[in-house]
Each structure stands twice: as structure tokens, then as C-alpha cells.
Amino acid sequence: MGKSRTKRFKRPQFSPTGDCQAEAAAANGTEPEEDDGPAAELLEKLQHPSAEVRECACAGLARLVQQRPALPGLARRDAVRRLGPLLLDPSLAVRETAAGALRNLSACGGFEVCDDMVTKDIMTPLVVLLKECSTGLDSNEMSPQEKKDQNRNSIENIANEAVNVLWNICECSSRAVSIFNKEGCLEIVLKYLSRFSTNVDLAISVAYCLQTVTEDNPELLKSFSAPALHVLESAMLSPVNSMEYILLKTLVAGTIWNLKDIIPSKSQAEIINAILKILSEVLEMDAGEMVIQMKEAETQRIKTAAETEDTLQNVNGDDLVEDDEMEEIPHRRKVRRKTFISDLLPPTDRELRETVALLTAQQTALEIIVNMCCSEDPTDDEWEELSSSDESDAFMENSLSEGGGQLLSPLCLCHEVHTALTNCLIPKKIFEKTAFPNSIAVDVCSRNPSWKPLIRKMSTIQCRALVCLQSLVSLLDVDHLGGPAALQTLAQHLSQLLFSQPDFAKHVDFLEAISSALRALLQTVASKNIPQCMTPDQLLTLCRAGIHSSNVGLRVNVVSILGITGSVLAKEDGTLDTLKTIGCFLLEVATKDPSLVVAGEALDALFDVFADGKEAERASVQIKLLSALKEFQPVFKMKIRKEGRAKYSPDQLCVLDNVKMNLRRFVAYQETVEKRLTT
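Just so it is clear, the model here is predicted, and its values are computed rather than measured.

**Q** Got a sec to walk through the overall build of the chain? Specific residues and values, please.
**A** Looking only at helices and strands, one finds 35 helices and 0 strands in the chain. Here the chain, with 679 residues, has 53% of them falling under the buried criterion. Partitioning the contacts of the chain with sequence separation of at least 6, the portion at a separation of at least 24 is 80%. For the chain, the accessible surface area stands at approximately 31,200 Å², while carbon and sulfur atoms represent 51% of it.

See the structure below:
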């Protein structure tokens, strides 16, 4: 109803293997039974006097919580309150596995489980654990060899698990974010982030958490001091270019964008360019080629390792078997930990780690660009207030090293953003990412179970790029997009993407994303009087495929597309039959779609199509538009009254009230049209 509005992206829960194991179990028909016997046994063992038994119980729960049907049983038995105290267990191994179990529970349980975790006061022991880890890091500065000997029970590993629990809960609970603010968690996690040069996994976890808690959180922004901003700057400027560090820098760039309201207003363009430079470099990389190269490298590494093992067996004979037996118990325990706790990035398989990190960085970069395009410009008064801050100016003058001052300055969505997007070739790179994933890379991944989830990640990047394209088309001037010819080329590209897939209607996420891009493109083309490149028949094919989807956003897009197309055709001659087809389609959606949002959008589209033009007037009379709308008018009014407050937000209700008022006016207008044409 009106101009399309791009959705903002929230931080996704990230797992290297896709969704929780529950979905895989459901697909294989191996869902656990309703009996929560295993849960009862494991929870009982949490109180065992042996630390090793408690650790094993925590590890078992970490696996169990990934099976969604097991969650109600765990809730009944108060698993959160039983696991919480173990975050402060005397044994470091128990602390780590308890945090791992809570991490998986918060990741797989969703909003309700996370909110329940806050209700059951998980934040109290979690915050204490984070503070103790922070203190431990200060007093535990050891040599590299000593640090290596600590292995997986190190304080940093515990901190990593705890930060992931914090991130998951804050993502889902505003109460958790409030506790984060009040308990001074910012200082703690920034200390962890400052160790990015020696522990990138921990830094990545912190960066994810910071992106979540800094979004729409003005109370927290007041806590960011000059040293805190300097930590972010240092991480974003890290010279290391491994894929994991690229992911880290991308996440930190997103966090700095969230801080735009507190950074002093001196070098707007510089900070925007700094962020977009990082995002541009991420998007520049060919993810498909990376998948192919990394899979080849993994295959070669495994082959070399196997050949080396054969050689050692031939040289050492039975001695090697004896060594294996001596190492059997610690080896088994290591595998158990790896299997039971879902890490942000896999603990082994370097090639897979690097590839997942790049794909995640690209998806994140696209989401940040969309969020930048969705931001509202601050008012002049707000900028004036910011620029008058003595503390901010002192920070700029005294805190930053030479050259770094370009990075920390206020951000706003203005001319500088438009220019920076163009200068960094962001539109071109996003255009390239809208293509289907590299077919060879998809084939490579499909033949290996551990790489197969990457197919979905590559498809997600394509969908994010299409949504990003929608934002850019809506935001930038035509000249910044390359002019009318570039828009026509873009329309042809989207058409080819859409109709090159015979089964495109089955891919709902793709269809919603590409319809969003098409909607924005058609709006821009129509407003600038640029000739349309897609035929009405093509658009009708898309709309007929999308209108039966359960996805409301997709249905809204397709009726809006027809409204834009019809309003252009109404001004042309010889379009009567097409206008009648569009009118009948929109009328059916308006009167039969179960969602008032979709029905309202369809009515809005009808108003646009039949508002003016001789062909439109003739078409409206021939499809009996007036009588249909008169009959539907009281029904629409009644549905708003009955369903409105229960199902729709205040903003949606406001729009629906406008549609209702416009419907009354449009009916009156159609009465004059019909009277004039029939007399």
C-alpha cells in the first residue's frame, strides 16, 4: 500500500551446519519420542559429585536440546535452573560444557525459550561467569606453550561459549539487553574483542553479540567511551586477511554503523567510505570459486594425510597400534565435545571454516547495506547537538592514531552515502551477487555431507543481494544506478533469472526477494517514464505463481507489481484486454485473500490502475468493477473492525483505515465514470 519499504535484517543465529539437528532428525524420521527419560537421567547427573560425570551430563544435554521435541520435557524439569549453577562449577570443563548446553538451548529453542531463560534468572550466573573469565584473562597471561597446554578447557573457550549464550538470549529478549546494559557487560565483551589477534573465534562471537545489543539501544550507546571505540577501530583495521578476519571486520563495521548517533560529526564521508570499503572488498570475492578451491584443498589434504598414515604404519608396525590404544580415552573425549557442542565455526576442517566464514561475511555485508539503506536521516538539530559535544571533539583530537581519525565520525543516510555506494561500485557488485550460485560449486557441495549446507548459504546470499538491490533502486538516483539503459538491463537480468527456472514458483524465498526487486525497479521506471522491459504477460505469470503462496510479503509484492504495471498501461492505447485481466486478478485478490494487508494492497492497486485513462474507464465498466467494490465495501469494513486489533499492528491498521477511506472515494468516482459511459 504505497511505496515498498525494505525490511531491516536482524542478526541471524548462525550454525555452520544449517538448522538445529531437530530438522535433520525430522527429515530422517528419527525424532525422539515424547518420553523425556534421557532428559531426566541427564539432569539428575548434573548433581553428581564427580566433575567428569557432570561434564558428560552437560555434553549429553547439549546434544539433546538440539532435538526440538525434547525441549518441553527439559522445560518441565527446569533444565535452565539446573544448568545455571554449573556455569560457576569449580571444574573448568564443567563450566564449558554447561555453557555449551545453554548455548545450544538458546539457539535451538527460539524466542520463547530464551525469554524463559531470562525469567529463570540465567543472566545472573552468566554475567558472573563473564566477569570471572575477564578477570581470569587478566591474571592468566601465559606463554604460547602454556596456553596450548590448557587446550579446550581454557578460560577463552569458556568465554566464547558464554558470549554465544549472551548473544542468543539478547537477540530474543529485550529484558536480557536491559540486563546487559545495567551490568556493564559492554566493558567485558570489549576486553574479549581486544584479543582478536590471538583468538579470532572469540572475537567473532563478541562481534555478533555487539551487533545485536547496539541496534536500537540508545542507553547502551552512552556507555561507549573513547577507548571502547578504539577497540572497534583496531579490529576493523586489522591487517590480517584470512576469511575469519574478513568476517570479523565485516561484523565490526556493522556495529560501528549502529553507533552512528554517538560518533562526533566531523568526517561523515570518511566513516561511510571506510565501512563500505570493507563491505565492497567482501563482496568482491568470488564465493563460488572459493568453494571449489577450498574443497579441492581439503581433498588433497585428506589424501596426503592418508598417505602419511600408511607410510607411518609401514615404518612403525605394531608400535603405532599401541600408541593409538594409549590415546584412546582422551581422543574419544575430544570427539565427544566436538560432536555435542555446536561451535560458531567448525573446530576442524580449516578449508570448511574459511569457506563458511566468507559466505557468512558476504551475507552479513549485504544485510548491513540493506540496514544502511533503511536508516532514517537525523535532523539538522540532531547533528548540531552532536557536533557541539566537547567530549566527542576531544575524543577525535586525542584518542585516534594518525589516519585512524577518518574512521570514527558520525553517520547519516545522505548524499555522502549515495556517493560512497557508487564510488565503491556497490551496485555493480550486488548485481553480480544476484546471479544463481556457481553450478560447479553447488555440485561439489552436494556430493559431500559436511559441505552440503553451503548450498543453502549460497542461495541465501543471492536472496539477500536481491533485497539489497531493491533497497538501492529505491534509494539511489537513476544516474547513480547507471542511467535508464542500466535499469533496462537490470530488468532483463531479473526477467532472465526468474524465467530461466521452470520451477521458480517452488522457491518462495527467492520469489519473494526477486519480486521485491522487481517491484522497486518498476516503481522507479514508471516514475521516470522509462519504457518497461518486461511484458505484462511475463508479470502476470509471476503474479499468478506468487499469489497462492503462504508468504504474505510475496503476495503483497505481486499485487503491487500489477498495480504499477496497470497504471502505466492505463495511459496507453490498445491495452483494454490486458487491463481487464489485471483488474479481474486484483479484484479477486482483494475480495478473497485471507490477509487484510494483501487485500488492502490489492485495493490500492485497483485505485492506481483505474484512476485515469479512457482504456481504464472502459475496462472498469466491462469487468463490473463498481458493483463488485460496492458489494465488498461493507465486508472490508467489518473485517477491519473484527480482525484489526487482534491480528495487525497499529501501523498496518492506520494504512488499512486509509484504504477504507480511499475505497469510499473511489466508489464515488467509479459511479460518475459508469454513469458517463452508460448514458
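**Q** Which residues make up the packing of helix 11 (residues 185-193) against helix 12 (residues 200-213), and what are the values?
**A** With their axes 8 Å apart at the nearest point, helix 11 and helix 12 run at an angle of 145° to one another. The way helix 11 lies across helix 12 gives a crossing that is left-handed. Facing helix 11, whose interface residues are L186, V189, L190, Y192 and L193, helix 12 presents L202, A203, V206 and L210. Classifying every residue of the contact of helix 11 with helix 12 by side-chain character gives 9 nonpolar, no polar and no charged.

**Q** Give me the state of the cysteines: which residues, what numbers.
**A** Covalent bonding between the sulfur atoms of two cysteines defines a disulfide. The full count for this structure, using the stated rule, is 0 disulfides. Of all cysteine sulfurs, the one in C170 lies closest to C185, which takes part in no disulfide; the gap is 7.4 Å. Overall, C185 belongs to the buried group, its relative accessible area being 0%. For the unlinked cysteine C468, the closest cysteine sulfur is that of C373, found at 6.0 Å. By relative accessible area, C468 is classed as buried at 0%.

**Q** Help me get a handle on the pattern of salt bridges, residues and values and all.
**A** Tallied over the full model, the rule gives 30 salt bridges. Residue R103 pairs with E161 through a salt bridge whose shortest N-O separation is 3.3 Å. Taken together, the positions of R103 in helix 6 (residues 92-119) and E161 in helix 9 (residues 155-172) put the pair 58 residues apart, joining distant regions of the chain. Exposure class is identical for R103 and E161. Each is buried. Across the pair R555 and D593 runs a salt bridge whose closest N-O atoms are separated by 2.8 Å. Within this pair, whereas R555 is found in helix 30 (residues 552-569), its partner D593 is found in the loop between helix 31 (576-592) and helix 32 (596-609), the two being separated by 38 residues in sequence. D593 sits in the buried class, given a relative accessible area of 7%. Linked through salt bridges whose partners overlap, the residues forming this network are D201, E244, R350, R353 and E354.

**Q** So what's going on with helix 25 (residues 439-446)? Which residues, and what values?
**A** Residues of helix 25 that are buried include every one of A441, V444 and C445, and no others. Buried positions in helix 25, seen along its axis, are confined to an arc of 95° and lie on one side of it. Turned more than 90 degrees from where helix 25 packs its buried face, S439 and I440 sit exposed. Put simply, N438 is the residue that caps the front of helix 25, since its side-chain oxygen is 2.8 Å from the backbone nitrogen of I440.

**Q** Quick one: what's the story with the side chain of R103, residue by residue and with numbers?
**A** In this structure R103 comes out as buried when scored by relative accessible area, which is 4%. Side chain to side chain, R103 and N164 meet in a polar contact 3.4 Å long.

**Q** Requested: an account of unusual backbone geometry, with residues and values cited.
**A** Of note in the backbone geometry, D78 takes a positive phi value of approximately 60° without being a glycine. In this structure, D78 sits in the loop between helix 4 (71-76) and helix 5 (79-83). Residue classification places D78 among the partly exposed residues on the basis of a relative accessible area of 25%. Not every positive phi belongs to a glycine, and D121 is a case in point at roughly 65°. Locating D121 in the fold gives a position in the loop between helix 6 and helix 7 (123-138).

**Q** Account for helix 35 (residues 650-677), with residues named and values stated.
**A** Relative to the 40 Å expected for 28 residues at 1.5 Å per residue, helix 35 spans 40 Å between its end C-alpha atoms, a close match to the ideal helical length. Restricting attention to buried positions, one finds in helix 35 the residues L653, L656, V659, L663, F666, V667, Q670 and V673. If you follow the buried residues of helix 35, they end up packed against helix 32, helix 33 (614-622) and helix 34 (625-647).

**Q** Requested: an account of a positive patch on the surface, with residues and values cited.
**A** Residues K637, R641, K642, R664 and R665 make up a contiguous surface patch of positive charge. For the positive patch, the elements supplying multiple residues, two or more each, are helix 34 and helix 35. Examining the composition of the positive patch, we find that 3 residues originate from one element, helix 34, more than from any other. Looking at where K642 falls in the secondary structure, it is placed in helix 34.

**Q** Just give me the short version of the environment of R519, but keep the residues and values in it.
**A** Its place among the elements puts R519 in helix 28 (residues 508-527). Spatially, the C-alpha atom of R519 lies 9.6 Å from that of S474, the residues being 45 residues apart in sequence. Among the polar contacts made by the side chain of R519, one reaches the side chain of N557 at a distance of 3.3 Å.

**Q** Let's hear about the packing of aromatic side chains: which residues, and what values?
**A** To describe a pair of aromatic rings, one takes the distance between the centres and the angle between the planes. A full pass over the atoms with the stated rule returns 5 aromatic pairs. Measuring from ring centre to ring centre gives 5.3 Å for F436 and F510, while their planes differ by 40°; the resulting arrangement is tilted. With F436 in the loop between helix 24 (426-433) and helix 25 and F510 in helix 28, this pair connects stretches of sequence that are 74 residues apart. Of the residues examined, F436 reaches a relative accessible area of 30% and is grouped as partly exposed. Taking 6.1 Å as the distance between ring centres and 45° as the angle between the ring planes, the aromatic pair formed by F666 and Y669 counts as tilted. Of this pair, F666 and Y669 both sit in helix 35, separated by 3 residues, roughly a single helical turn. The class for Y669 is partly exposed, based on a relative accessible area of 26%. Each member of the aromatic cluster is reached from another via a ring pair, and the members are F607, F666 and Y669.

**Q** Tell me about the confidence of the model for the chain, and name the residues and values.
**A** A low pLDDT score tells you not to read the predicted coordinates there in detail. Chain-level statistics for the chain give a pLDDT mean of 82 and a share of 80% at 70 or above. Low confidence marks residues 11-35, where pLDDT is under 50. Its contacts with residues over four positions away, or in another chain, come to 41 contacts. Note that residues 320-347 has pLDDT below 50 and, in this model, 53 contacts with residues that lie over four places away or in other chains.

**Q** Break down the environment of T524 for me, with residues and values.
**A** Structurally, T524 can be placed in helix 28. You can call T524 buried: its relative accessible area is 10%. In this structure the C-alpha to C-alpha distance between T524 and L475, which are 49 residues apart in sequence, comes to 9.8 Å.

Reading guide: rules and limits
- Residues numbered from 1 in each chain as written.
- Predicted model: local features only at pLDDT ≥ 70, side-chain atom pairs only at ≥ 80, totals over all residues.
- Heavy atoms only, no water.
- Helix = DSSP H or I, 4+ residues; strand = E, 2+ residues; numbered from the N terminus.
- Buried < 20%, exposed > 50% of the residue type's maximum accessible area, 1.4 Å probe, protein only.
- Contact = heavy atoms within 4.5 Å.
- Areas by Shrake-Rupley, 256 points an atom, 1.4 Å probe, with all protein chains shown as cover.
- Axes fitted to C-alpha atoms, helices over the stretch in contact; angles between N-to-C directions.
- Left-handed = near helix turned anticlockwise from the far one by under 90°.
- Nonpolar A, V, L, I, M, F, W, Y, C, P; charged D, E, K, R; others polar.
- Disulfide = S-S within 2.5 Å.
- Salt bridge = Lys/Arg side-chain N within 4 Å of Asp/Glu carboxyl O.
- Arc of directions from axis to C-beta.
- Polar contact = N/O pair within 3.5 Å; in protein donor to acceptor, adjacent residues only side chain to side chain.
- Expected span 1.5 Å × (residues − 1).
- Patch = residues over 30% accessible without salt bridge, like charges linked within 9 Å, V, L, I, M, F, W, Y side chains within 5 Å.
- Lys, Arg positive; Asp, Glu negative; His and termini not counted.
- Charge placed at Lys NZ, Arg CZ, Asp CG, Glu CD.
- Phe/Tyr/Trp six-rings, centres within 6.5 Å; stacked < 30°, edge-to-face > 60°.
- pLDDT = per-residue confidence, 0-100.

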